[in-house]
Amino acid sequence: MIEKHTMKNLISKQDFLAWQPKYPEITETDPYYWELANKLAEIAEESAIYPTLPQSVIKRMALCLTGYMQDIVSDAGIWRSFVEANRKLYGWSVPFHETPEEYIDYELNREDVRFLAWYALAMGYEEKRDIFPHDPMLLDLADIWFDHLESIYEDAPVPESYNIARGLDFNDPEDSKAIYHLGQWLFLHCYLITPAFAMTLGEIVSDPELIKAENVPMLHEKLDKALMENPTGPLALFISEWLYLILNGKLLKHNEEKGEVHPYYERFTKATGGKTLAFFDTYDAMNRFFIDQLGWEAGEEHLPMMKEEKDFVLMVNKHKGMLAARNVAKCIASPENPYYDKEYADEHAFDLLTVRGLCPGDLLRVIFENGWLPDAHFPGSNDYKLVADNQDFIARCYLQQYYTGD
């Protein structure tokens, strides 16, 4: 149990401004929204979940909801883009929540607030990382926040600083500097995009080399590299994709490079009778497959880093080659998998969607396409359908570059 604390002015002016598009400049509406952020933190004391959350988490959640309010009041297009992308990818507006008839596009909605309360908490607090999106205490917090936001929505001032994307052309070289600035802000300080980057950021700043040297230039270099190379946000899109979505209202289309047929593909499918997946319970069984079926060197222990593991899946792609996953076979309900264990899967299948590096993205997509993960559910919940309906989104949100990075 966390000691009771006061939320009055929990969020400093500096903390608030750091989330603003024009930071360090102070705009006319900043005092209003700074006060709102602190008010949201303060009224969180009314919620059932409040005693279980540290001040730092309440602070980040309040800042996230304040950013959402600024976005929809100014029609900045960030939330609008997220909703439109959801509809194109999945056919629904907001993850985990059905939208009622009174749902109003790109304005204040209870379902939006409920999703963002879950998102800011799950992405920002390790102890609640797997919290069920319909957790009653979490919904209680989201609803008291919504009630307050609804009471001030019509009179809230328009934060002009949030319209930094207005008038920019994604393909105009003259706008490139402004677009780069927008991309940096989206990546590091935006209420919707930034929370999903928290775990990756933690990995970057915990680099022993950085800690030992206190090397600020190296940190900036790593962050710039992450900006260019890492997907982020709840949909795990690259910043170029987020920018294109916000500026053009469309998802970028990618042309898949086919290339030549990989040599492993023909050997693998010949050995399996045309199947692209193979399952093994032990390392020795998998190693024999490498030697006897794929023609790898006899007498060797191939992929020795996996020797102490079990429950393997091998998958071959016609153009990418072969991948191996360990400790996941028991969770995959393929009719060709003799090692599927429903009882084990009921406890561990959700990990495939949330534990980075456990199951390769290409394999997950095949699993999703075939409905082979029926036992996945948020811990403490028996709502299997919620996960089945949102499995691609959950994988994007939690796994990030481990799911969409390739």
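Residues numbered from 1 in each chain as written. Predicted model: local features only at pLDDT ≥ 70, side-chain atom pairs only at ≥ 80, totals over all residues. Heavy atoms only, no water.

J.: What exactly am I supposed to notice about the overall build of the chain here?
T.: A count of helices and strands for the chain gives 18 helices and three strands. Relative to the globule expectation of 22 Å for 406 residues, the C-alpha radius of gyration of the chain, 23 Å, shows essentially globular dimensions. Overall, the chain is about 70 × 50 × 50 Å in size when its C-alpha atoms are taken along their principal axes. Of all intrachain contacts in the chain linking residues separated by at least 6 positions in sequence, the fraction that spans at least 24 positions is 67%. With the model as given, the accessible surface of the chain reaches about 19,700 Å², and the carbon-plus-sulfur share is 49%. Between the averaged position of the 37 positive side-chain charges in the chain and that of its 68 negative side-chain charges there is a distance of 3 Å. (Helix = DSSP H or I, 4+ residues; strand = E, 2+ residues; numbered from the N terminus. Rg over C-alpha atoms; globule rule 2.2 N^0.38 Å. Contact = heavy atoms within 4.5 Å. Areas by Shrake-Rupley, 256 points an atom, 1.4 Å probe, with all protein chains shown as cover. Lys, Arg positive; Asp, Glu negative; His and termini not counted. Charge placed at Lys NZ, Arg CZ, Asp CG, Glu CD.)

J.: Hey, could you run me through the nonpolar core in this one?
T.: What tends to happen in soluble globular proteins is that the nonpolar side chains get buried as a cluster. Among the nonpolar cores identified, the biggest contains 121 residues, and Trp79, Trp118 and Tyr191 are the most heavily contacted of them. Among the elements that make up this core, the one with the highest residue count is helix α3 (residues 55-74) (eleven residues). What Tyr191 contacts, discounting residues up to four positions off in sequence, is Trp19, Leu63, Cys64, Gly67, Tyr68, Asp71, Ile78, Trp79, Leu116, Tyr119 and Tyr162. Formed by 14 residues, the second largest nonpolar core is a distinct cluster that contains Tyr283, Met286, Phe289 and Leu294. (Core = buried A, V, L, I, M, F, W, Y, C linked by side-chain atoms within 4.5 Å. Buried < 20%, exposed > 50% of the residue type's maximum accessible area, 1.4 Å probe, protein only.)

J.: So what exactly am I meant to see when it comes to the pattern of salt bridges here?
T.: Oppositely charged side chains may form a pair once their charged atoms are brought near each other. Here the structure, examined in full by the defined rule, presents 13 salt bridges. Its salt-bridge partner being Asp143, residue Arg114 comes within 2.8 Å of it at the nearest N-O pair. One end of the pair, Arg114, is in helix α5 (residues 110-124); the other, Asp143, is in helix α6 (residues 136-152), and 29 residues separate them in sequence. A residue is classified by how much of its surface remains accessible, and Arg114, at 22% relative accessible area, is partly exposed. (Salt bridge = Lys/Arg side-chain N within 4 Å of Asp/Glu carboxyl O.)

J.: Looking at this structure, I do not really get helix α16 (residues 361-370). What am I missing?
T.: Spacing of three or four residues puts side chains on the same side of an α-helix, whose turn is 3.6 residues. Counting buried positions along α16 gives seven out of ten residues, so the element sits mostly inside the fold. Three or more residues of α16 are buried, namely Gly361, Asp362, Leu363, Leu364, Val366, Ile367 and Phe368. Residues of α16 that are buried in the fold lie against β1 (277-282), β2 (310-317), β3 (321-325), α15 (351-354), α17 (384-399) and α18 (401-404).

J.: Can you walk me through the sheet that holds β2 in this structure?
T.: Where strands meet in a sheet, backbone hydrogen bonds hold them as pairs that are either parallel or antiparallel. With antiparallel pairing, the three strands of this open sheet are ordered in space as β1-β2-β3. Each edge of the open sheet carries a strand with a single partner, namely β1 and β3. Between one strand and the next, the sheet's axes are offset by a mean angle of 20 degrees, whatever the strand orientation. As defined by bridge partners, β2 adjoins β3 across five bridges and the pair is classed as antiparallel. Bridged to Val313 within β3 is Ala325. Helix α12 (residues 263-272) rests against β1, β2 and β3 of the sheet, and its axis sits at about 120 degrees to β2. (Pairing = 2+ DSSP bridges. Axes fitted to C-alpha atoms, helices over the stretch in contact; angles between N-to-C directions.)

J.: What exactly am I supposed to notice about the pairing of β2 here?
T.: Each regular strand shows side chains that alternate between the opposite faces of the sheet. Burial analysis of β2 places six of its eight residues in the buried class, the great majority of the element. Note: β1 against β2, five bridges, orientation antiparallel. Looking at β2, one finds that Ala278 is bridged to Leu314. Between β2 and β3, which pair antiparallel one after the other, the connecting turn spans three residues.

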